[in-house]
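Chains, contacts and geometry: an overview
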Amino acid sequence: MNKPFRIGIVAGEASGDLLGARLIQTLRAYHSNIVIEGIGGPKMIAAGCQSLFDIETLSVMGLIEPLFRLPQLIKIHRQLYQHFIQDPPDLFIGVDAPDFNLSLEVKLRRAGIKVIHYVSPSVWAWRKYRIRKIKKAVDLMLTLFPFETEFYKTHNVPVLAVGHPMADQISVTTNVSLAQSALNLSASKIYVALLPGSRAQEIKYMAQPFLEAAMLIQKKIPNVVFLTSAINTKREAEFAELARQYAPHIKIKSFLQRAHAVMAAADVVVVTSGTATLETMLFKKPMVIGYRMSPAVFWLAKRLVKLSYVGLPNLLAKKKIVPELIQEALTPEKIAEYVLNYFAKPQLVDDIKKKFTTLHQQLRGIDDQHLAEAIFKVM
């Protein structure tokens, strides 16, 4: 029997778990004899990854939270390095999580292990000096978005634009009735999704303004029902407790790991900035994007990040299509104002859906065969 290909892989949060799982499935479809191990979440594990550590340990946000977790992260980093050096894989793939993965990739590549990084860090937006480290870290950078490719070509980093898998997974047209039926929702109601994020820190900062906005919206639209989806039971319980505290009288239906169905079923989505804004765009839903962090982190981020927009739909369009409420601007009153504006202006919603459809088409990527071939070529 032929010796199996061994692939090391590390993903750091829910979005990386989803992308990593798709990558594993693609590779297994073109070569069945593969051993994959590293760090992955439930979707990667189901696809065949042996996870050596809990993915939650890497799921940190902002600039301050990682400092508190630094001793644990350093220990995991060291143990992973020793594991892969003692029994070198044919290839290592870092899926996002750049602050953790890039330093590990530099060391592994220096030891002669081929390295691919999947999902570009936002090096084009802030800390551009990281390109020097990236050049040392990777044999190939796989990018999701069209605007990233030219940046890497300019800096002579091998790059392949693979598109975003979700743009292929999610249909260009959304069947709202089917989505509502799948969640046992009545077609006679109006639905607003509240998606504060998958991390504990995001729930901490986003849940209160989202929920208090829901109270204001319900006063204007008594027929409204709020939907939410949690990544796990722990996040679900955290959000439910905050809902009891800040919005005890709203009609809210909570689902577990049904974010896509919730987006598809909703009329409007209130969402935390991040990958979820892209998913909301692909479902062609008008949205209000919010983000809040500790004042100290925000003060620092303002001086480091050089971007006109934070939401992926606006970044991709290179103009503001949907509202962004950041830090002090993220108030219940402003959220409610923008949500109610969508219901008052159906033509605005139609225009947004048309723009999102164009962006969806642009994000469709290379097929699985070409992706698998590009990866095996590096090996």
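Source: prediction; values computed, not measured.

**What about the overall build of the chain?**
- Helix and strand counts for the chain come out as 18 helices and 13 strands.
- Computed over the C-alpha atoms, the radius of gyration of the chain is 21 Å, within 12% of the 21 Å expected from 2.2 N^0.38 for a compact globule of 379 residues.
- Taking the principal axes of the C-alpha coordinates as reference, the chain spans close to 65 × 40 × 40 Å.
- Here the chain holds 379 residues, and the buried ones make up 51% of them.
- Long-range contacts, defined as pairs at least 24 residues apart, comprise 69% of the intrachain contacts of the chain with a sequence gap of at least 6.
- Total accessible area on the chain stands at roughly 17,200 Å², and carbon and sulfur atoms take up 54% of it.
- Each charge class in the chain can be summarised by its mean position, and for the 47 positive and 31 negative side chains these summaries are 4 Å apart.

**Description of the packing of helix α16 (residues 332-344) against helix α17 (residues 346-363)**
- Relative to each other, α16 and α17 sit at 95 degrees, their axes nearing to 5 Å. Between α16 and α17, the interaxial angle falls into the category roughly perpendicular. Here α16 contributes N341, Y342, F343 and A344 to the contact with α17, which in turn contributes P346, L348, V349 and I352.
- Classifying every residue of the contact of α16 with α17 gives seven nonpolar, one polar and no charged.

**Regarding the pairing of strand β8 (residues 190-195)**
- The buried fraction of β8 amounts to five of the six residues, a majority that puts the element mostly inside the structure.
- Sheet analysis places β8 next to strand β9 (residues 224-230), joined by four bridges and oriented parallel. Bridge assignment links I190 to a residue of β9, and that residue is V224.
- Here β8 pairs with strand β11 (residues 268-272) via four bridges, running parallel. Its bridge partner being in β11, V192 is matched across the sheet by V268.

**Topic: α17**
- Given a rise of 1.5 Å per residue, 18 residues ought to cover 26 Å, and the 26 Å separating the end C-alpha atoms of α17 matches this to within 8%.
- Those residues of α17 that fall on the buried side of the exposure criterion are V349, I352, F356, L359, H360 and L363. Viewed along the axis of α17, the buried residues span an arc of 105 degrees, placing them on a single side of the element. Turned more than 90 degrees away from the buried face of α17 sit Q347 and K354, all of them exposed.

**A few points about the environment of A336**
- With respect to the helices and strands, A336 occurs in helix α16.
- You can call A336 buried: its relative accessible area is 3%.
- Once you skip the residues sitting within four places of it in the chain, A336 turns out to touch A213, L216 and I217.

What counts and how
Residues numbered from 1 in each chain as written. Predicted model: local features only at pLDDT ≥ 70, side-chain atom pairs only at ≥ 80, totals over all residues. Heavy atoms only, no water. Helix = DSSP H or I, 4+ residues; strand = E, 2+ residues; numbered from the N terminus. Rg over C-alpha atoms; globule rule 2.2 N^0.38 Å. Buried < 20%, exposed > 50% of the residue type's maximum accessible area, 1.4 Å probe, protein only. Contact = heavy atoms within 4.5 Å. Areas by Shrake-Rupley, 256 points an atom, 1.4 Å probe, with all protein chains shown as cover. Lys, Arg positive; Asp, Glu negative; His and termini not counted. Charge placed at Lys NZ, Arg CZ, Asp CG, Glu CD. Axes fitted to C-alpha atoms, helices over the stretch in contact; angles between N-to-C directions. Parallel < 35°, antiparallel > 145°, perpendicular 65-115°, else oblique. Nonpolar A, V, L, I, M, F, W, Y, C, P; charged D, E, K, R; others polar. Pairing = 2+ DSSP bridges. Expected span 1.5 Å × (residues − 1). Arc of directions from axis to C-beta.

Geometric descriptors of this kind do not, in isolation, establish any biological role.
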